[in-house]
Amino acid sequence: MLQRTRNARNRTVRQRLQLESLESRCLLVAGPFISEFVADNNDSLLDGDGDSPDWIEIRNRDSSPIDLEGWFLTDDANQLDKWRFPSAPIEADGYFVVFASGKDTAGPAGEIHTNFSLDRDGEFLALVEPDGATIAHAFAPFPAQDEDISYGVFENVLEAPLLETGDSARFLAPSDNALGAAW
């Protein structure tokens with residue numbers, strides 16, 4: 001796959017993009033989640049200023065549009081309300097990219113920037129619900145990153161329902177940690 005970008009002299013440059021398997025995760029949430037990010041962006045995606053800050057992609061798998069206004073992104077597990085989203089609509093089954101630049105601004109055409117950047121050596125990254133305390137999705141922590149290589153979740157969408165109406169099912173909800181990770 002080739003990508004066309006502009007260099008510092010405003011000339012079109014073609015570069016080959018590399019693909020890498022994403023981390024396998026089972027997501028059983030209907031709300032927004034962090035689908036992909038780049039923590040060492042050299043030129044994989046440029047912002048409206050022509051800079052190449054880190055970026056975070058938020059995915060809305062729901063069949064209805066949502067607005068992330070009031071949600072939070074953070075790179076600090078002790079400060080879950082570190083950066084609050086302004087209005088950031090995401091279409092049904094859509095994506096929204098946020099630049100993790102430290103600029104803390106809204107840019108041209110709906111582009112937004114967090115007040116922090118990502119650490120390429122790995123760190124905590126979370127999307128937090130509007131209450132400022134409930135983590136909707138997190139990489140805790142993500143591993144060291146390579147330049148211009150995105151990291152995220154592999155979406156293997158199960159189109160068939162797990163249970164049909166009228167099916168019987170059983171579940172186990174441990175009341176303590178006696179089973180460890182075996183349940």
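Numbering of residues begins from 1 in every chain and follows the order in which that chain's sequence is written. The model is predicted, so local features are restricted to residues of pLDDT at least 70 and side-chain atom pairs to those at 80 or more, both for listing and for counting; the totals for chains, interfaces and linings are taken over all residues. No hydrogens and no water enter the side-chain calculation; it runs on all heavy atoms of the structure.

J.: Would you mind going over the sheet that holds strand E4 (residues 54-60) with me for this structure?
T.: Hydrogen bonds along the backbone pair up the strands of a sheet, which may run parallel or antiparallel. Two strands qualify as a pair provided that DSSP identifies no fewer than 2 bridges between them. A helix here means a DSSP run of H or I that spans at least four residues, while a strand means a run of E at least two residues long, and both kinds are numbered starting from the N terminus. Read from one edge of the open sheet, four strands run E9-E4-E3-E12, paired in antiparallel fashion. The outermost strands of the open sheet, each flanked by one partner alone, are strand E9 (94-100) and strand E12 (151-152). Bridge analysis of E4 against E9 gives seven bridges, and the strand direction is antiparallel. In the strand pairing of E9, Ile56 is matched with Val98.

J.: Where do I start with the sheet that holds strand E10 (residues 125-128) in this structure?
T.: Reading across from one edge, E7-E6-E10-E11 is the order of the four strands in this open sheet, with antiparallel pairing throughout. Because the sheet does not close on itself, it has two edges, and the strands there are strand E7 (83-84) and strand E11 (135-139). The pairing of strand E6 (residues 72-74) with E7 spans two bridges and is antiparallel. When the bridges of E7 are listed, Phe72 appears paired with Arg84.

J.: Would you mind showing me how to read the pairing of E4 here?
T.: The buried count for E4 comes to seven of seven residues, which makes it a mostly enclosed element. Here's how the labels work: a residue is buried when its accessible area is under 20% of the maximum for its type, exposed when over 50%, partly exposed in between, all with a 1.4 Å probe on protein chains only. The alternating pattern of E4 places Asp54, Ile56, Ile58 and Asn60 and Trp55, Glu57 and Arg59 on opposite faces, both of which are buried. Pairing geometry for strand E3 (residues 33-38) and E4, over five bridges, is antiparallel. Following the sheet pairing, Phe37 is matched in E4 by Ile56.

J.: In this structure, what is going on with the pattern of salt bridges? I would like to understand it.
T.: Pairing between side chains of opposite charge can happen when their charged atoms approach one another. The salt bridge criterion pairs a side-chain nitrogen of Lys or Arg with a carboxyl oxygen of Asp or Glu, the two atoms within 4 Å. Throughout the structure, instances matching the rule amount to seven salt bridges. A salt bridge links Asp40 to Arg120; the shortest N-O distance between them is 2.7 Å. With Asp40 in the loop between E3 and E4 and Arg120 in the loop between E9 and E10, this pair connects stretches of sequence that are 80 residues apart. Arg61 is the partner of Asp93 in a salt bridge, and the nearest nitrogen-oxygen pair spans 3.0 Å. In this pair, Asp93 is assigned in the loop between strand E8 (89-90) and E9 and Arg61 in the loop between E4 and strand E5 (66-67), connecting sequence segments 32 residues apart.

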